[in-house]
Each structure stands twice: as structure tokens, then as C-alpha cells.
Amino acid sequence: SAAAGPERPQVVSHVQQTLSYTVFDCKWVPRSARLLCLGSAARGTGLIQLYELHGARLELLREIEKPKPIKCGTFGATSLQQRYLATGDFDGNLNIWNLEAPEIPVYSVKGHKEIINSIDGVGGLGIGEGAPEIVTGSRDGTVKVWDPRQNDTPVANMEPVQGESKRDCWTVAFGNAYNQEERVVCAGYDNGDIKLFDLKTMSLRWETNIKNGVCSVEFDRKDINMNKLVATSLEGKFHVFDMRTQHPTKGFASVSEKAQKSTIWQVRHLPQNRDIFMTSGGSGSLHLWKYEYPAQRSKKDSEGSEMGVAGSVSLLQNVTLSTQPISSLDWSPDKKGLCVCGAFDQTVRVLIVTKLNKI
């Protein structure tokens, strides 16, 4: 466990709200004190709830019911003016909603044959360069990239090649979007595969296997030259890959850490400090980590090829909040240390993490 001390960050439960349904994802609405809970009602429909934080309470502003349970959402491909929410549902639909007028989606496509497990957006919110795009990963084994300005057809479709068995894609994330041309998608699968797709060259740039289902992947920043990638797994382990140096045969250097015995459902980097990240676990716990870079991030191997050098990870704090898995996690992009998480005990919690500026 983490060392105690006056300078250690503390994870404080600020508000908790009991829900009458299963929450799969929660998201801060950018530039606001509002948050969204996305999930599945008991009768099998989908729910979007919009809450506003008022001091120590959450006020429900709006509840929107949809035909299919909603698994995941992102604001990453929208403008700050519109703040449209993109969602993936249990039926494979990608929808984009104007939360001010949510009756009919502003964009809708039957993206996949089965549930969309994971979604990410890039090119929106005034972050980074390039077109606004959304990536979806599904149980049908495919990963698709969508430009909401183009109807019906994905701009990229990464699917198993002929003869390759389809794997359930559990997680997707954008990265390397630091100019108009460059962009990658990382995808994690139920068999431990991690694949890095280069959208500029439309090719598989790198793959590895971490031996356990990959629950969550995230780059420390989407809009910079690839720096670090965290991948979490079914067996309580996570891996931090240094993405700055790709060795021709060994790929990327990495460090792994056994956080707990249970599944690590999610990883989220602190928006204001890319070397701090939080993982959420199947045991109802949150762990706050800091990555330390090595003295030198790369070295030459015996053949003279550059290879990366992994750093180390230290635990800053951990807290158990629930008896059920914490399946979703989101940092406020605007207020440092403000965080929301959703758990399978049908509770959403707003947390405050203190002393983050002291680390």
C-alpha cells in the first residue's frame, strides 16, 4: 500500500448518488460542473442521465431513455461550442446526441453487428489537430474509425484477416494526433492482444500480447508525439509502454505492475499531469500512480538499433469505495483533482483528489 504522509494525495469521496439502473460509463461535460451517467435500465432500455454538481449534492437535470442499453460515450470529437456526446450501444449503434435536444441523434450509424464495448474521440474540444474522428471497438472483432461529417461508412476498418479468428475488442484509444497527418488507434482484445494501427499508413504498426484480457488502454495524451501507453488487464496487472522508441524486433519497452488480484477495469491519466494516472478495480478500489522516467529513455542495442528503456511506477494512494467493481472513471478536464466514477453497486461517486500539485 502507499506510504502515508502529509504530502500524499488523499482520495476524498465528495458526493455519492444511488442510481436505479446499471451504470456503464460516466463522463464530465467539458467546461461545466455537469456529468453524465450512461447505462442500462432494468427493463432493457438505455439511459442517459445529466447531473449538475451543486456543492455537496448532485441535481438530476435530465433523464433520457433510449431503446438499447448504452455501453460507452465520448466528447472527444466534438467542438466546445456544441459538446455533442457520441455513444456506443448494445446493438452496435454509434449515435451522436445534442444533449439540449436529445430526442433524435444528430448522427447515427449501425456501426457493428454486436455490442460496442469501447469508444474514443479525437480532433474535438480544441485539442490537437486533424479531423474530428470517433473510434469504436466491438465484440464482433472489428475496430472502426468514423468521421461524423461522412455518412454511414467508416474511414477505417480494422478487422481480422481471412482465416484469423475474431477476438472480442474490449477497449480502443486514439493517440499520436500531434499534426494533421499523424494518428494511431490502439485496441485491446479479450485474449491479451494489443494492436497499434497507424491511420496515416493504414497499417498495423505494432502488436504484442499481455497474456490476459485487455480491459483498458489509454495514451497519456492523445495530441502529442506518442509518449506513454497504459494497458490494464483482467488479472490485476497493468503495463506502461514507453512509446517514444520502437525497436525493430522488440517493439516498445514496458514496465508492469501487479496492482491487485482482481480485474483492472479502467485507466485514466490526469489531464493536468500526464505522469499521474488512476486505475479502477474489480474489488471496488481506486489506485493512484505516478510514472518516473529513467535517466535515459533509450539506448543502443548490440546491433546499433535504438531501443526504449522503461521507467518505474510508484503508488501514491489507494482507496476502497465499493464492494462492487468500479467500471468507469473520468477526470474533470477543467478542475484538477475532480473525478467521477461509476460502480456496479449502482452508485456514481464524485471524488476530490487533493495535493496533486505537490507531486
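Residues numbered from 1 in each chain as written. Predicted model: local features only at pLDDT ≥ 70, side-chain atom pairs only at ≥ 80, totals over all residues. Heavy atoms only, no water.

## Some thoughts on the packing of aromatic side chains
Going through the model one piece at a time under the given rule, you end up with 8 aromatic pairs. An angle of 90 degrees between the planes, with centres 5.5 Å apart, marks the rings of Phe238 and Phe277 as edge-to-face. With a gap of 39 residues between them, Phe238 in strand E20 (residues 237-247) and Phe277 in strand E23 (residues 273-281) connect regions that are remote in the sequence. By relative accessible area, Phe238 is classed as buried at 0%. Residue classification places Phe277 among the buried positions, given a relative accessible area of 1%. Measuring from centroid to centroid gives 5.2 Å for Tyr291 and Tyr293, while their planes differ by 80 degrees, and the two rings are edge-to-face. Residue Tyr291 is classed as buried on the basis of its relative accessible area of 1%. On the basis of relative accessible area, Tyr293 is assigned to the partly exposed category, the value being 29%. What links up through ring pairs into an aromatic cluster is the set Phe24, Phe90, Trp265 and Phe344. Between the NZ or CZ atom of Arg183 and the centre of the ring of Phe174, over which it lies, the distance is 5.9 Å. (Phe/Tyr/Trp six-rings, centres within 6.5 Å; stacked < 30°, edge-to-face > 60°. Helix = DSSP H or I, 4+ residues; strand = E, 2+ residues; numbered from the N terminus. Buried < 20%, exposed > 50% of the residue type's maximum accessible area, 1.4 Å probe, protein only. Lys NZ or Arg CZ within 6 Å of the ring centre and 35° of its normal.)

## Topic: the state of the cysteines
Counting across every chain of the model gives 0 disulfides. A disulfide-free cysteine, Cys339 has its sulfur positioned 5.9 Å from the sulfur of Cys341, the nearest such atom. Residue classification places Cys341 among the buried residues on the basis of a relative accessible area of 1%. (Disulfide = S-S within 2.5 Å.)

## Some thoughts on the sheet that holds strand E17 (residues 203-209)
Spatial ordering of the open sheet is given by E14-E15-E16-E17, a layout of 4 strands whose pairing is antiparallel. For this open sheet the edge positions go to strand E14 (169-175) and E17, each flanked by a neighbour on one side alone. With direction set aside, neighbouring strand axes in the sheet form an average angle of 20 degrees. Inspection of the sheet shows strand E15 (residues 184-189) paired to strand E16 (residues 193-198) by 5 bridges, in the antiparallel sense. What sits directly across from Ala187, in E16, is Lys195. (Pairing = 2+ DSSP bridges. Axes fitted to C-alpha atoms, helices over the stretch in contact; angles between N-to-C directions.)

## Observations concerning a positive patch on the surface
A cluster of basic residues, Lys211, Lys237, Lys258 and Lys261, forms a positive patch at the surface. A residue is classified by how much of its surface remains accessible, and Lys261, at 78% relative accessible area, is exposed. (Patch = residues over 30% accessible without salt bridge, like charges linked within 9 Å, V, L, I, M, F, W, Y side chains within 5 Å. Areas by Shrake-Rupley, 256 points an atom, 1.4 Å probe, with all protein chains shown as cover. Salt bridge = Lys/Arg side-chain N within 4 Å of Asp/Glu carboxyl O. Lys, Arg positive; Asp, Glu negative; His and termini not counted. Charge placed at Lys NZ, Arg CZ, Asp CG, Glu CD.)

## Focus on the pattern of salt bridges
All told, the structure shown has 21 salt bridges when counted by the stated rule. With a closest N to O distance of 3.3 Å, Asp25 and Lys27 form a salt bridge. For the pair formed by Asp25 and Lys27, the shared burial category is buried. Arg349 is paired through a salt bridge with Asp345; the nearest N and O atoms lie 2.8 Å apart.

## Quick notes on the UniProt feature "repeat: WD" (unreviewed entry) in the protein chain
Under the present numbering, the feature "repeat: WD" (unreviewed entry) in UniProt falls on residues 134-156. Secondary structure across residues 134-156 divides into 0% helix and 43% strand, with the first and last C-alpha atoms of the span separated by 10 Å. (UniProt positions renumbered as here; feature names shortened; annotations may be inferred.)

## Quick notes on the environment of Leu58
Within the secondary structure layout, Leu58 lies in strand E5 (residues 57-66). When its relative accessible area of 8% is taken as the criterion, Leu58 is described as buried. Taking C-alpha positions, Leu58 is 45 Å from Ser165, a pair spaced 107 residues apart along the chain. Contacts of Leu58, omitting those with residues within four sequence positions, involve Val15, Gln17, Leu35, Tyr51, Glu52, Leu53, Val348 and Val350. (Contact = heavy atoms within 4.5 Å.)

## Regarding the sheet that holds strand E19 (residues 228-233)
Spatially, E18-E19-E20-E21 is the arrangement adopted by the 4 strands of the open sheet, whose pairing is antiparallel. Each of the sheet's edge strands pairs with one partner strand only, and the pair in question is strand E18 (214-219) and strand E21 (251-258). Strand-to-strand twist across the sheet, computed as the mean angle between neighbouring axes with direction ignored, equals 20 degrees. Pairing between E19 and E20: 5 bridges, direction antiparallel. Within the sheet, the bridge partner assigned to Leu229 lies in E20 and is Phe241.

## Brief notes about unusual backbone geometry
The residue Arg83 is not glycine, and still its phi comes out positive at about 50 degrees. Assignment of secondary structure puts Arg83 in the loop between strand E6 (70-74) and strand E7 (85-89). Of note in this structure, Lys211 is not a glycine but carries a positive phi near 70 degrees. Turning to its location among the elements, Lys211 is positioned in the loop between E17 and E18.

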